[in-house]
Amino acid sequence: MNRSLYSKYYDALRLWLKTKRDDKGLSLRALAEKLGLHHSIVGKIEQSRRKIDIVEFVEYCRVLEVDPHEGLDIIIAKIKSEEINSGK
């Protein structure tokens, strides 16, 4: 399994986080302010330039008022899909 910052699992999670932020009508700066972070950190997460750890992920979801399980389910589904496609 590729644990790289550029893995398809992180790509799926980043897309989901960005979509949820957009759905809430929040700019990078507005979300960053709610998280107590500099806007560049949120931008780096969304642009594949910084990983997000599990605690940050849960806080990110809390601020966006979304269920973190939904994001984890996306990653799990990607992993399972890859296993099925590779014959594991």
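Structure's up top.
In this text, all values refer to a predicted model and were calculated from it rather than measured experimentally.

Here is what the cut-offs are and how they apply
Residues numbered from 1 in each chain as written. Predicted model: local features only at pLDDT ≥ 70, side-chain atom pairs only at ≥ 80, totals over all residues. Heavy atoms only, no water. Helix = DSSP H or I, 4+ residues; strand = E, 2+ residues; numbered from the N terminus. Rg over C-alpha atoms; globule rule 2.2 N^0.38 Å. Contact = heavy atoms within 4.5 Å. Areas by Shrake-Rupley, 256 points an atom, 1.4 Å probe, with all protein chains shown as cover. Lys, Arg positive; Asp, Glu negative; His and termini not counted. Charge placed at Lys NZ, Arg CZ, Asp CG, Glu CD. Axes fitted to C-alpha atoms, helices over the stretch in contact; angles between N-to-C directions. Parallel < 35°, antiparallel > 145°, perpendicular 65-115°, else oblique. Left-handed = near helix turned anticlockwise from the far one by under 90°. Nonpolar A, V, L, I, M, F, W, Y, C, P; charged D, E, K, R; others polar. Salt bridge = Lys/Arg side-chain N within 4 Å of Asp/Glu carboxyl O. Buried < 20%, exposed > 50% of the residue type's maximum accessible area, 1.4 Å probe, protein only.

Student: So what exactly am I meant to see when it comes to the overall build of the protein chain here?
Tutor: When helices and strands are tallied, the protein chain shows five helices and zero strands. For the protein chain, the succession of helices and strands along the chain, N to C, is α-α-α-α-α. Its C-alpha radius of gyration of 14 Å places the protein chain within 12% of the 12 Å reference for a compact globule of 88 residues. For the protein chain, the spread of C-alpha atoms along the principal axes amounts to about 45 × 25 × 20 Å. Expressed as a percentage of contacts within the protein chain between residues at least 6 apart in sequence, the contacts between residues at least 24 apart total 61%. Surface summary for the protein chain: the accessible area is close to 5700 Å², and the carbon and sulfur share equals 53%. Side-chain charges in the protein chain split into 17 positive and 14 negative, and the spacing between the mean points of these groups amounts to 5 Å.

Student: Teacher, can you tell me more about the packing of helix α2 (residues 28-35) against helix α4 (residues 54-64) here?
Tutor: Helix packing geometry: the angle between the two helix axes and the distance between the axes. α4 packs onto α2 with a crossing angle of 110 degrees between their chain directions and a minimal axis gap of 10 Å. Relative to α4, α2 is oriented roughly perpendicular. Judged by the sense of rotation from one axis to the other, the crossing of α2 with α4 is right-handed. The residues of α4 that touch α2, namely those facing Leu31, Lys34 and Leu35, are Glu59, Tyr60, Val63 and Leu64. Class assignment of the residues belonging to the contact of α2 with α4 gives a composition of five nonpolar, no polar and two charged.

Student: Would you mind showing me how to read the pattern of salt bridges here?
Tutor: Side chains that differ in charge, positive against negative, can pair when their charged atoms come close. Taken as a whole, this structure holds nine salt bridges when the rule is applied. Here aspartate 22 makes a salt bridge to arginine 21, at a shortest N to O gap of 3.6 Å. The exposure class assigned to arginine 21 is buried, which follows from its relative accessible area of 6%. Measuring nitrogen to oxygen at the nearest pair gives 2.7 Å for the salt bridge that ties arginine 21 to glutamate 46. One end of the pair, arginine 21, is in helix α1 (residues 8-23); the other, glutamate 46, is in helix α3 (residues 39-46), and 25 residues separate them in sequence. Residue class for glutamate 46 comes out buried when judged on its relative accessible area of 14%. Counted as one network, the salt bridges with shared partners bring together Lys18, Arg21, Asp22 and Glu46.

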